[in-house]
Amino acid sequence: MEGNLKKGLFFGGLVGFAWGLDTVLMGLVGSSTILKTSSSSTLVSAFLHDAFCFFG
């Protein structure tokens, strides 16, 4: 039981870190001038988010 608790806390912290990193990166990408002027910025933002979640 002790090993499962440590494993769960580790993976929970790892997922939380990845979620925070995804939020920061999407904020930086969303504030770039390329996406501000593009008409399909929401589509590009969703694609980048999904790609990060798939590979991250």
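Residues numbered from 1 in each chain as written. Predicted model: local features only at pLDDT ≥ 70, side-chain atom pairs only at ≥ 80, totals over all residues. Heavy atoms only, no water.

## Thoughts on the overall build of the protein chain
The following threshold applies: Secondary structure elements follow DSSP: runs of H or I no shorter than four residues count as helices, runs of E no shorter than two count as strands, and numbering proceeds from the N terminus. Using C-alpha atoms as the atom set, the radius of gyration is obtained and then compared with a globule rule of 2.2 Å times the number of residues to the power 0.38. Think of it in three bands: residues with accessible area under 20% of the maximum for their type are buried, residues over 50% are exposed, and the middle band is partly exposed, with areas taken using a 1.4 Å probe on protein chains only. Accessible surface area values rest on a Shrake-Rupley calculation with a 1.4 Å probe, where residue burial reflects the displayed protein chains alone.
Scanning the protein chain from terminus to terminus reveals three helices and zero strands. When the elements of the protein chain are put in sequence order from the N terminus, they spell out α-α-α. Over its C-alpha atoms the protein chain spans a radius of gyration of 16 Å, topping by over 25% the 10 Å that the globule rule assigns to 56 residues. Seen through its principal axes, the protein chain has C-alpha atoms that stretch 55 × 15 × 10 Å. Out of the 56 residues belonging to the protein chain, those deemed buried represent 5%. A total accessible area of about 4,700 Å² is found for the protein chain, and carbon and sulfur atoms account for 74% of it.

## Considerations on a nonpolar patch on the surface
For clarity, the cut-off: Two joining distances apply to patches: 9 Å for like charges and 5 Å for nonpolar side chains (Val, Leu, Ile, Met, Phe, Trp, Tyr), and every residue must have over 30% relative accessible area and no salt bridge. Here a salt bridge means any side-chain nitrogen of Lys or Arg lying within 4 Å of a carboxyl oxygen belonging to Asp or Glu.
The grouping of Phe-17, Leu-21, Val-24, Leu-25 and Leu-28 at the surface amounts to a nonpolar patch, some 480 Å² of accessible area in total. Tracing the backbone shows Leu-25 in helix H1 (residues 2-30). Relative accessible area serves as the criterion here: at 35%, Leu-25 is assigned to the partly exposed category.

## Let's talk about the packing of aromatic side chains
How we decide: Each pair of aromatic rings taken from Phe, Tyr and Trp, with Trp reduced to its six-membered ring, is defined by centres within 6.5 Å and is described as stacked if the planes are under 30 degrees apart, edge-to-face if over 60, and tilted in the remaining cases.
Per the stated rule, a full pass over the model turns up one aromatic pair. On the numbers, 5.3 Å between centres and 70 degrees between planes, the contact of Phe-10 with Phe-11 is edge-to-face.

## Side note on the packing of H1 against helix H3 (residues 41-55)
The following threshold applies: Between N-to-C directions, angles span 0 to 180 degrees; the directions come from axes that are lines fitted to C-alpha atoms, helices contributing only their stretch in contact. Small angles under 35 degrees read as roughly parallel and large ones over 145 as roughly antiparallel, with 65 to 115 read as roughly perpendicular and the rest as oblique. Handedness of each helix crossing follows the sense of rotation of the near helix against the far helix: counterclockwise by less than a right angle gives left-handed, clockwise gives right-handed. The contact rule is simple, with two residues in contact once any of their heavy atoms fall within 4.5 Å. Residue polarity is assigned by list, with Asp, Glu, Lys and Arg as charged and Ala, Val, Leu, Ile, Met, Phe, Trp, Tyr, Cys and Pro as nonpolar; anything else, Gly included, falls into the polar class.
Remark: H1 packs on H3, axes separated minimally by 11 Å, with the N-to-C direction vectors making an angle of 155 degrees. One finds that H1 runs roughly antiparallel with respect to H3. Here H1 and H3 pass one another in a crossing that is right-handed. Only Ser-45, Leu-48, His-49 and Phe-52 of H3 make contact with H1, whose side of the interface consists of Ala-18, Leu-21, Asp-22, Leu-25, Met-26 and Val-29. For the contact of H1 with H3, the residue count by class is seven nonpolar, two polar and one charged.

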